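Notes for the structure review
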Amino acid sequence: MDVESIEKKYPLHWLVWNNSYEELQEKLKNEAIDLEQLDPRGRTPLMLAVRLSHSQSVKALLAAKCNANAECDGWSVVQEAVSSGDPEILTAILEVRDLQRHIQRVTHVPQLLQKLIEAPDFYIEMKWEFTSWVPLVSRFCPSDVYKVYKRGSNVRIDTTLLGFDYTTWQRGNRSYIFKGQSDSATMIEVNHDAHEVSIEQLKGIEGEITGIPPTRESVSARLNAPVTSNHIDMEKISFERNKSGIWGWRSEKSEDVNGYECKVYAASNVEFITRTRTEHLSESQARLRHSRTPLQNFLGIAEEECASHDASPSEPEPLLSVENYVAGKPVTADEYFSDIDLCGRDIGRPRKMSEKIQRFKATLWLSEEFPIKLQEQVLPILDLMSTMASPHVSKLKDFITMQLPSGFPIKVEIPLFNFLNACVTFGNVFALETPVEHVTNIQEKDRLSCVIDDRCFDIPTNYVNKGGDYRRQLTFEDEDDLLQYAIQQSLIETGSESEQVDIWEALKARRPVTPNNFADDDAQMQRVLQESLYEYLPTSNQTTTTPVDDDLALALQLSVQLSAQEQSQRQQELLREEEMFELALKLSLEEK
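Here, residues in each chain are numbered from 1, in the same order as that chain's written sequence. In keeping with the model being predicted, local features are shown solely for residues with a pLDDT of at least 70 and side-chain atom pairs are shown and tallied solely at 80 or more, while totals for entire chains, interfaces and linings include all residues. In computing side-chain properties, one takes all heavy atoms of the structure into account and sets aside hydrogens as well as water.

Here's the deal with the pairing of strand S19 (residues 439-443)
Note that S19 and strand S20 (residues 448-452) share five bridges and pair antiparallel. Note that in S20 the partner of asparagine 441 across the bridge is cysteine 450. Here S19 folds back onto S20 in antiparallel fashion, the turn holding four residues. Should DSSP find at least two bridges between two strands, the strands are regarded as paired. Counting from the N terminus, the helices are DSSP H or I runs at least four residues long and the strands are E runs at least two residues long.

Thoughts on the confidence of the model for the protein chain
For every residue, the pLDDT score states the predictor's confidence, bounded by 0 at the bottom and 100 at the top. Overall, the prediction assigns the protein chain a mean pLDDT of 76, with 66% of residues at 70 or greater. Per-element confidence in the protein chain ranges from a low mean pLDDT of 33 for helix H15 (residues 503-508) to a high of 97 for helix H4 (residues 45-51).

Examining the pairing of strand S14 (residues 260-277)
Whether a residue is buried, partly exposed or exposed follows from its accessible area with a 1.4 Å probe, protein chains only, as a fraction of its type maximum: under 20%, in between, or over 50%, in that order. Burial analysis of S14 places 14 of its 18 residues in the buried class, which makes it a mostly covered element. As defined by bridge partners, strand S9 (residues 227-232) adjoins S14 across six bridges and the pair is classed as antiparallel. Looking across to S14, one finds that isoleucine 232 is bridged to phenylalanine 272. Alignment of strand S13 (residues 254-257) against S14, held across four bridges, turns out to be antiparallel. What sits directly across from valine 257, in S14, is tyrosine 260.

Focus on unusual backbone geometry
For residues that are not glycine, phi is negative in most cases, and the peptide bond is trans in most cases. In this structure, serine 53 is a non-glycine residue whose phi angle is positive, near 60°. Mapped onto the elements of the fold, serine 53 is located in the loop between H4 and helix H5 (55-63). On the basis of relative accessible area, serine 53 is assigned to the partly exposed category, the value being 33%. A positive phi is found at cysteine 343, a non-glycine position, where the angle reads about 55°.

Some points on the packing of aromatic side chains
Between the rings of Phe, Tyr and Trp (Trp by its six-membered ring), a pair exists once the centres lie within 6.5 Å; its type follows the angle of the planes, with under 30 degrees stacked, over 60 edge-to-face, and the other angles tilted. According to the stated counting rule, one finds 10 aromatic pairs in the structure shown. Pairing phenylalanine 408 with phenylalanine 426 gives two aromatic rings, centres 5.3 Å apart and planes at 80°, and the pair type is edge-to-face. Within this pair, whereas phenylalanine 408 is found in strand S17 (residues 408-417), its partner phenylalanine 426 is found in strand S18 (residues 420-427), the two being separated by 18 residues in sequence. Phenylalanine 426 shares its class with phenylalanine 408; the two are buried.

Digging into the pattern of salt bridges
Salt bridges are defined as contacts in which a side-chain nitrogen from Lys or Arg sits within 4 Å of a carboxyl oxygen from Asp or Glu. Tallying each qualifying case throughout the model produces 26 salt bridges. For aspartate 121, the salt bridge goes to lysine 150, with nearest N and O atoms at 3.1 Å. Remark: lysine 150 occurs in strand S4 (residues 143-151) and aspartate 121 occurs in the loop between helix H7 (87-116) and strand S3 (122-131); sequence separation between them is 29 residues. Of the residues examined, aspartate 121 reaches a relative accessible area of 23% and is grouped as partly exposed. Taking relative accessible area as the criterion, lysine 150 reaches 0% and is therefore assigned buried.

Description of helix H6 (residues 77-84)
Most of H6 sits inside the fold, with eight of its eight residues counted as buried. When H6 is considered as a whole, its buried residues turn out to be Val77, Val78, Gln79, Glu80, Ala81, Val82, Ser83 and Ser84. Where H6 ends, the next residue or the one after it, glycine 85, has phi of about 75°, a positive value.

Side note on the packing of H7 against helix H12 (residues 374-386)
Angles here are taken between N-to-C directions and fall from 0 to 180 degrees, while the axes themselves are lines fitted to C-alpha atoms, restricted in helices to the stretch in contact. Contact pair H7 / H12: the axes reach a minimum separation of 10 Å and the direction vectors enclose 160°. Compared by their axis directions, H7 and H12 come out roughly antiparallel. As H7 runs across H12, the sense of the crossing is left-handed. Contacts between H7 and H12 involve Val109, Leu112, Leu113 and Leu116 from the first element and Glu376, Gln377, Pro380, Ile381, Asp383 and Leu384 from the second. Angle categories are assigned with fixed cut-offs, so that under 35 degrees is roughly parallel, over 145 is roughly antiparallel, 65 to 115 is roughly perpendicular, and the rest are oblique. Crossings are classed by handedness, with left-handed meaning an anticlockwise turn of the near helix from the far one by less than a right angle and right-handed meaning a clockwise turn. Residues are treated as being in contact if the distance between any of their heavy atoms lies within 4.5 Å.

Remarks on the packing of H6 against H7
The geometry of H6 relative to H7 is characterised by a closest axis approach of 9 Å and an angle of 165° between their N-to-C directions. On the basis of their axis angle, the class for H6 and H7 is roughly antiparallel. Here H6 and H7 pass one another in a crossing that is left-handed. Contacts between H6 and H7 involve Val77, Val78, Ala81 and Val82 from the former and Ile89, Leu90, Ile93, Leu94 and Arg97 from the latter.

Here it is as structure tokens:
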């Protein structure tokens, strides 16, 4: 494709390609021009500017209100900005992206509440149980119960699990109350622990509002962490009714869940795909990321391809991993704007990317008798819960909005990350199993109705009003990559909130007495040597009758001491790097 054809067909892209930002600013004044046009590689003008690291063009496009939430090939504009390694570009993208999300939420929530007006009132509980196939991890995985009240266009959601802060699950007693009006809504966050409330009016945006720039620490944290994209490939999933009974006399399996008879289905070909990019990291940071503890090797979490086999949700198949470094001769404009295959080459900084595929078998329990409707009542609630910064709720919503067999999914078992599963169970409908304050029910001739008291949505009179601008609120819907990385590191490297676990503790199923961090096989062999010496060398707490050559014992002891000194120095260096890395990740999870 010649230059004239490119300029005519992709006017904004062509100006971005050449970083002609002044001409771009003039062109953007034309209201008829398509700001979100896709080029042959699926990129919008903004995505192209970020990929090429043309900061002036990026700012011009953001000023014209281009979509900062766009994606291409599974990577968002923010992720591409991080991969560019340019803090100026990342700061500009984050500020506009957060503002656009705020505006979208302000207009979207009232619409959701309006949809609920015609749906019957209800009360329901959603029990979340988190588990992991990783040894020693399930013991401190949390559980939570969302309590959902719906009356007209008012919704209240109670929760105790607020999020994850690197090595600890954040607990608290919170209520989120949504009150809908004809063209607006009120969102109230009630902190029952601190006796405080935050109130935000969600109504049409009037006049120009400005974004809130991200903190320098949060930008630095992103630039010093890998970029991770993980999703479930929905297209390959298929459902099959589970069977029960002896071979030859097998029948379709049914189970009782919370008093409802359910058909049990297995979802096969559930692939959890994790892609990680590190081209923006220094060599030392990349080495730190790729350093493997014996526990990781023991668990099979390694950068190599493994054979697949059948697996259950609690024991997934091994990771299929591919790592590549995309480079090659530069891509010309003629090549980029044509339909030819670039054979892995691309514009911008060469990608350093690894991909892991973990296969699970999810399970569904479906009931035809459940009194609540999925589309009319539950899905709008899941949308509201997503605004509360719940990425796991979004994964559940994506899963149950697939083309499922008939029935309400009372119980669903799905993967959240490649090592963490969630089992979600809907129960205590209309508070029939366990009484709940402000909830009653009326048995009519042919149906059971739920009655929710209006007092359920009142703000406690003795609570302090803290105001509210939720644009500053920590959210994980876009922090899923950092959350995934933080949880993975903490679960692999720690046995509790502060203690590290290696292969020896995993095998013995006990906590370590002192922190251990073995970065390579030599260190692991050193531990073997130490363990063996404990069997032969006397200590203050034990004696041995096993004869040991004095010279050999002395030589071995000196060897241990020298190796221990080397190991201690190496460990101190790693700890310093890890402390800086942990601080950066923690700051990124606390602030945008």
